[in-house]
Amino acid sequence: MIMFLAKRTATLVAAVLLSSFAVFLIPYVTPGDPVRKIIRSRVAGDVVEDSTVQALGQSLGLHDPLPVQYFRWLGDFFSGDMGLSHISRTPVVDQVMPALGITLSLVIVALGIAVAVSLPLGIVAGLKQGGKADKLITTITQSFIAMPEYWLAPLLVLVFALKLSLLPSAGWNTTSSIVLPAVTLALRPISFFTSAVRSGMIDALEAEHIQAARARGLSHAQTVMRHVIPNGLVPLSTLFAVWFAGLLGGSVIVEVIFAIPGMGRLLYDAVVNSDIPLAQGGVVVVVALAVAITTLADFLHRILSPKVSGALA
């Protein structure tokens, strides 16, 4: 377990370093003077005169080797200094953290809906493998995969906001504002979660441990509740983490359509406006959080899986 934890931690650190270094290089690989771009992200006000640029570049260490500049930038970044936005001229951290909180709220609600729907559907489908209920559930949930967010979101707005006037069409002002975007993000995970729970249930039912449990005198219902369902849910933990990490930066379309000021919308605006510091800050935060979440999920899966299986022995 210690070796596994060490390897996963090393993978996390390597992933963050590689992604952050790629983001750090943005000013150097995009058109324009990289020194002027970096100075603009560090100093309030525009710098025009060459002598001023030269002096500030020297004082900020912008003529040092790239590795030296990178580790200095990384240290400033993780201490909370992400530079100044080119557009708003305000600290990037003051824009990234509120946007991250909004996206986290949206993702948690969306995946909460997905889990609440997929768990009972997956359990029923797994217990009734090959039956009418299994075929119906599988057909309906798998059809969700063919519903992209850019098509589903306008459809939900048209029906529930414009036609029925039940929910707001956009914005982030009331509690009800989260319903339509959360449902839009939840449908595709529902199909994958249901399939994972169904497969886990089927594998658990076919395990030799189940026969041992029945031989000890447990009824079919007791065996299912105590052993089959817990084992069937183990694969869901990793899949949940993968979707959680993916939606952190993958909710761009939904946040733009519903005018939600989250990370997806922030990164979209940063790219459109060529706001390099804002794009750098947003990408590194999303990548670091996503890698940390998936690493934690792998670790929990490693702990839970043998415990759940061992409970059958």
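Before reading on, note that the structure itself is shown above.
For every chain, the first residue of its written sequence is number 1, and the numbers climb from 1 along that sequence. At least 70 in pLDDT is required for a residue's local features to be given in this predicted model, at least 80 for side-chain atom pairs to be given and counted, and no such filter applies to totals for whole chains, interfaces and linings, which use all residues. Based on all heavy atoms of the structure, the side-chain values leave hydrogens and waters out of the count.

Student: Can you walk me through the overall build of the chain in this structure?
Tutor: Helix numbers and strand numbers start at the N terminus; a helix is a DSSP run of H or I with at least 4 residues, a strand a run of E with at least 2. Check the secondary structure of the chain and you find 14 helices and zero strands. Mapped from its N terminus to its C terminus, the chain presents α and β elements in the order α-α-α-α-α-α-α-α-α-α-α-α-α-α. In the chain, buried positions account for 39% of the 313 residues. Whether two residues touch is decided by their heavy atoms; if any such pair falls within 4.5 Å, the residues are in contact. Of all intrachain contacts in the chain linking residues separated by at least 6 positions in sequence, the fraction that spans at least 24 positions is 73%. Per-residue and other accessible areas follow the Shrake-Rupley method at a 1.4 Å probe size, with only the shown protein chains counted as cover for residues. Accessible area of the chain: about 15,700 Å², with a carbon and sulfur share of 68%. Relative accessibility decides the category of a residue: with a 1.4 Å probe and only protein chains considered, values under 20% of the type maximum give buried, values over 50% give exposed, and everything between is partly exposed.

Student: Sorry if this is basic, but what is going on with the packing of helix α6 (residues 93-127) against helix α7 (residues 132-143) here?
Tutor: Packed helices, taken two at a time, are described by the angle between their axes plus the distance between the axes. An axis is simply a line fitted to the C-alpha atoms; with a helix, the fit covers only the stretch in contact. Between two such axes, the angle follows the N-to-C directions and lies from 0 to 180 degrees. It is at 8 Å that the axes of α6 and α7 come closest, and there the two elements cross at 140 degrees. Put simply, α6 runs oblique to α7. Along this stretch, α6 crosses α7, giving a crossing that reads as left-handed. In contact with L121, V124 and A125 of α6, α7 contributes A133, D134, I137 and T141. What sets the label is the angle itself: under 35 degrees gives roughly parallel, over 145 gives roughly antiparallel, 65 to 115 gives roughly perpendicular, and the rest give oblique. Note on convention: the crossing is left-handed when the near helix lies turned anticlockwise from the far helix by less than a right angle, right-handed when the turn is clockwise.

Student: Teacher, can you tell me more about the nonpolar core here?
Tutor: Nonpolar side chains in soluble globular proteins tend to end up buried together. Only buried residues count toward a nonpolar core. Its members are Ala, Val, Leu, Ile, Met, Phe, Trp, Tyr and Cys residues joined through side-chain atoms within 4.5 Å. Within the largest apolar cluster, 56 residues are counted, with the highest numbers of intra-cluster contacts made by W73, V96, L111, L180, F258 and M263. Looking at this core, the elements with two or more residues in it are α1 (2-24), α5 (66-78), α6, α8 (149-163), α9 (179-205), α11 (220-250), α13 (263-272) and α14 (276-310). The greatest single-element share of this core, amounting to ten residues, is contributed by α6. Aside from chain neighbours lying at most four places away, what touches W73 is S20, V23, F24, Q280 and V284. Listed in part, the five residues of the second largest apolar core include I38, I39, V53 and L62.

Student: I tried to follow unusual backbone geometry on my own but got confused; where do I start?
Tutor: Of all residues except glycine, most have a negative phi; of all peptide bonds, most are trans. With a phi close to 55 degrees, S165 is a non-glycine residue in the positive phi region. Positionally, S165 belongs in the loop between α8 and α9. The phi dihedral of S274 falls on the positive side, at around 55 degrees, and the residue is not glycine. Tracing the backbone shows S274 in the loop between α13 and α14.

Student: Hey, could you run me through a nonpolar patch on the surface in this one?
Tutor: Like-charged residues within 9 Å of one another, or nonpolar side chains (Val, Leu, Ile, Met, Phe, Trp, Tyr) within 5 Å, are grouped into patches, provided each residue has over 30% relative accessible area and no salt bridge. Salt bridges are defined as contacts in which a side-chain nitrogen from Lys or Arg sits within 4 Å of a carboxyl oxygen from Asp or Glu. Taken together, the side chains of Y150, W151, L155, L158, V159, F160, L162, L164, L166, I253 and I257 make up a nonpolar region of the molecular surface, amounting to roughly 1,000 Å² of accessible area. Elements represented by at least two residues in the nonpolar patch include exactly α8 and α12 (252-257). The residue L158 is located in helix α8 in this model.

Student: So what exactly am I meant to see when it comes to α13 here?
Tutor: For an α-helix, the turn length of 3.6 residues means that residues three or four places apart are oriented alike. Among all positions of α13, only M263, G264, L266, L267 and A270 are buried. Buried residues of α13, viewed axially, fall in a sector of 165 degrees; they line one side. Downstream of α13 by a residue or two, S274 has a phi angle that is positive, lying close to 55 degrees. The arc in question is the one traced by the directions running from the helix axis out to the C-beta atoms.

Student: Any chance you could explain empty space enclosed by the protein here in plain terms?
Tutor: Once rolled over the atoms, a probe with the size of a water molecule shows which space is left empty. Here a cavity is any set of points on a 1 Å grid over the protein atoms alone where a 1.4 Å probe fits but cannot get out, and a pocket is any open set with protein on both sides within 12 Å along at least 5 of 7 lines; a residue lines the site when it has an atom within 4 Å of a point. Grid points are joined across faces, edges and corners, and a volume is the space filled by probe spheres set on the points. Inspection of the entire model under this criterion finds one cavity of 30 Å³ or more. What the largest cavity holds in volume is close to 40 Å³. Lining the largest cavity are R42, W73, F77, D81, M82, G83, P277, Q280 and G281. Listed by contribution, the elements that provide at least two residues to the lining of the largest cavity are α5 and α14. In terms of residue count, the dominant contributor to the lining of the largest cavity is α14 (three residues). Of the residues assigned to the lining of the largest cavity, the class counts are four nonpolar, three polar and two charged. For this classification, the nonpolar set comprises Ala, Val, Leu, Ile, Met, Phe, Trp, Tyr, Cys and Pro, the charged set comprises Asp, Glu, Lys and Arg, and every other residue, Gly included, is treated as polar.

Student: I would appreciate a short explanation of the environment of I38 in the present structure.
Tutor: Mapped onto the elements of the fold, I38 is located in helix α3 (residues 34-42). Accessibility expressed as a relative area gives 14% for I38, which makes it buried. For the pair formed by I38 and L84, sequence separation is 46 residues and the distance between their alpha carbons is 9.6 Å. Discounting residues that sit within four places of it in the chain, I38 has contacts with P27, Y28, L62 and Q69.

Student: Even after reading the chapter, I still don't get the packing of aromatic side chains, so can you show me in this structure?
Tutor: Ring pairs (aromatic) are described by centroid distance and by the angle formed between their planes. Stacked, tilted and edge-to-face pairs are distinguished by plane angle, under 30 degrees for stacked and over 60 for edge-to-face with tilted covering the rest, among Phe, Tyr and Trp rings (Trp via its six-membered ring) whose centres lie within 6.5 Å. In the structure shown here, the tally under the stated rule is twelve aromatic pairs. Between F192 and W243 the ring centres are 5.4 Å apart and the planes differ by 45 degrees, which places this aromatic pair in the tilted class. Note that F192 is positioned in helix α9 and W243 in helix α11, a separation of 51 residues in sequence. For F192, a relative accessible area of 34% gives the class partly exposed.

Student: In this structure, what is going on with the layout of surface pockets? I would like to understand it.
Tutor: Here the largest pocket is characterised by a volume of approximately 300 Å³. Residue lining of the largest pocket: 19 residues in total, with I38, S41, R42, L62 and W73 positioned closest to the centre. Where the lining of the largest pocket is concerned, the elements lending two or more residues are α2 (26-29), α3, α5 and α14. Of the residues belonging to the lining of the largest pocket, the class tally is ten nonpolar, five polar and four charged.

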